[in-house]
Amino acid sequence: MFDPLLISTIVLFTAIVIDLIIGEYPTRLHPTVWIGKIIGFFKPRLKDSSSKREYIKGTIFALMLVVISFIITHYILVLASLLDMLIATALAVLILKSTFAIRSMEEHAKAVIDAIFIENDIITARQRLARIVGRDTSNLDYEHILSAVVESIGESIVDGINSPYSTMPFMVFH
C-alpha cells in the first residue's frame, strides 16, 4: 500500500525544500501567527492578582493550546488521508513547513555575521542579534555575539525542525 517511513521522509525533505525556496508563509496564512494572535487575545484574560493562580491558568492554557492544535492537525491529516493519500501528504508538507524557518534563520544569522565581518559594526551586530535571541545583547563582545548566533541556530534546529518532524509521522502515517 504505502510505506509510512518513505512518506514521512518525503514530507520532511519536501517541506525543507519549500522553506529554502520560498521562506516564510505570508503572515495571514501562517499558523504560528494565528497561534500568536490567540495567545495575545487570551494573555490579558489570564492575568490574576495571585501569581500562583496566574501560573496555573497560564499552564492550563498552554497545555490546552498544544493539545487542541495537535488534535486539529491530526484530524485534518486523517480526514485528508481518507480522501487521498497524496492530498494528505501535501497537507502534511504544508503543515510541517509552517513549523520551521530555516531560510529565515539563515538570513538573520547571516545579517549578524555580515555586521561583524563585512561591516565591522558591533552595534549593528548586537541589534540584529536581538531579533533572534531573547537575551540582552547591548553589551556583548564579538565572541559572545558569534556564540549566541551559533546557539540560536542550534536551538532553532531542535525546536523548529527535529521536534515538529518527530511527531508528524505519528499523526497520520502509521
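Residues numbered from 1 in each chain as written. Predicted model: local features only at pLDDT ≥ 70, side-chain atom pairs only at ≥ 80, totals over all residues. Heavy atoms only, no water.

A. Spotlight on the overall build of the protein. Each helix and strand in the protein was counted, giving 7 helices and 0 strands. When the elements of the protein are put in sequence order from the N terminus, they spell out α-α-α-α-α-α-α. Evaluated residue by residue, the protein yields a buried proportion of 30% over its 174 residues. Residue pairs at least 24 apart in sequence account for 59% of intrachain contacts in the protein once pairs closer than 6 positions are excluded. In the protein, 15 positive and 17 negative side-chain charges are present, and the distance between their average locations comes to 11 Å. (Helix = DSSP H or I, 4+ residues; strand = E, 2+ residues; numbered from the N terminus. Buried < 20%, exposed > 50% of the residue type's maximum accessible area, 1.4 Å probe, protein only. Contact = heavy atoms within 4.5 Å. Lys, Arg positive; Asp, Glu negative; His and termini not counted. Charge placed at Lys NZ, Arg CZ, Asp CG, Glu CD.)

B. Seen up close, the pattern of salt bridges. For the structure on display, the rule yields 9 salt bridges. Of the charged contacts, one joins Arg-103 and Glu-107 as a salt bridge, the two residues approaching to 3.1 Å between their closest N and O atoms. Taken together, the positions of Arg-103 and Glu-107, both in helix α5 (residues 102-117) and 4 residues apart, correspond to about one turn of that helix. Of the charged contacts, one joins Glu-119 and Arg-128 as a salt bridge, the two residues approaching to 3.2 Å between their closest N and O atoms. Judged by its relative accessible area of 39%, Glu-119 falls in the partly exposed class. Salt bridges here are not isolated pairs; linked through shared partners, they connect Asp-19, Glu-24 and Lys-97. (Salt bridge = Lys/Arg side-chain N within 4 Å of Asp/Glu carboxyl O.)

C. Spotlight on the environment of Ala-109. Within the secondary structure, Ala-109 sits in helix α5. Residues Ala-109 and Leu-146 lie 37 residues apart in sequence; the distance between their C-alpha atoms is 9.2 Å.

D. How the structure looks around the nonpolar core. Core analysis: the biggest nonpolar cluster contains 13 residues, and Val-112, Ala-125, Leu-129 and Ile-145 have the highest contact counts within it. Of all the elements in the fold, those that place two or more residues in this core are α5, α6 (122-129) and α7 (142-171). Residue contacts for Ile-145: discarding those within four places in its chain leaves Val-112, Ile-116, Ile-122, Ala-125, Arg-126, Leu-129 and Leu-140. Ranked by size, the runner-up nonpolar core spans 10 residues in total, among them Ala-15, Leu-77, Leu-96 and Phe-100. (Core = buried A, V, L, I, M, F, W, Y, C linked by side-chain atoms within 4.5 Å.)

E. Just the packing of helix α2 (residues 31-46) against helix α3 (residues 51-83), in detail. For the pair α2 and α3, interaxial distance at closest approach is 11 Å and the crossing angle is 155 degrees. By the criterion of interaxial angle, the relationship of α2 to α3 is roughly antiparallel. Where α2 crosses over α3, the two elements pack in a sense that is right-handed. On the side of α2, the interface is formed by Ile-35, Ile-38, Ile-39, Phe-42, Arg-45 and Leu-46, while α3 contributes Glu-54, Lys-57, Gly-58, Phe-61, Leu-65 and Ser-69. (Axes fitted to C-alpha atoms, helices over the stretch in contact; angles between N-to-C directions. Parallel < 35°, antiparallel > 145°, perpendicular 65-115°, else oblique. Left-handed = near helix turned anticlockwise from the far one by under 90°.)

F. Summary view of α5. If you check α5, its first and last C-alpha atoms are 22 Å apart, about what 16 residues at 1.5 Å a residue would give, namely 22 Å. Those residues of α5 lying buried are Ser-104, Met-105, Ala-109, Val-112, Asp-114, Ala-115 and Ile-116. (Expected span 1.5 Å × (residues − 1).)

G. Summary view of the packing of aromatic side chains. Tallied over the full model, the rule gives 2 aromatic pairs. For the ring pair Phe-41 and Phe-42, a centre distance of 5.1 Å and an interplane angle of 90 degrees mean the geometry is edge-to-face. The exposure class assigned to Phe-42 is partly exposed, which follows from its relative accessible area of 34%. Measuring from ring centre to ring centre gives 5.3 Å for Phe-42 and Phe-61, while their planes differ by 40 degrees; the resulting arrangement is tilted. Within this pair, whereas Phe-42 is found in helix α2, its partner Phe-61 is found in helix α3, the two being separated by 19 residues in sequence. Judged by its relative accessible area of 16%, Phe-61 falls in the buried class. Of the aromatic side chains, those joined through ring pairs into one cluster are Phe-41, Phe-42 and Phe-61. Its end group placed over the ring of Phe-41, Arg-45 keeps NZ or CZ at 3.7 Å from the ring centre. (Phe/Tyr/Trp six-rings, centres within 6.5 Å; stacked < 30°, edge-to-face > 60°. Lys NZ or Arg CZ within 6 Å of the ring centre and 35° of its normal.)

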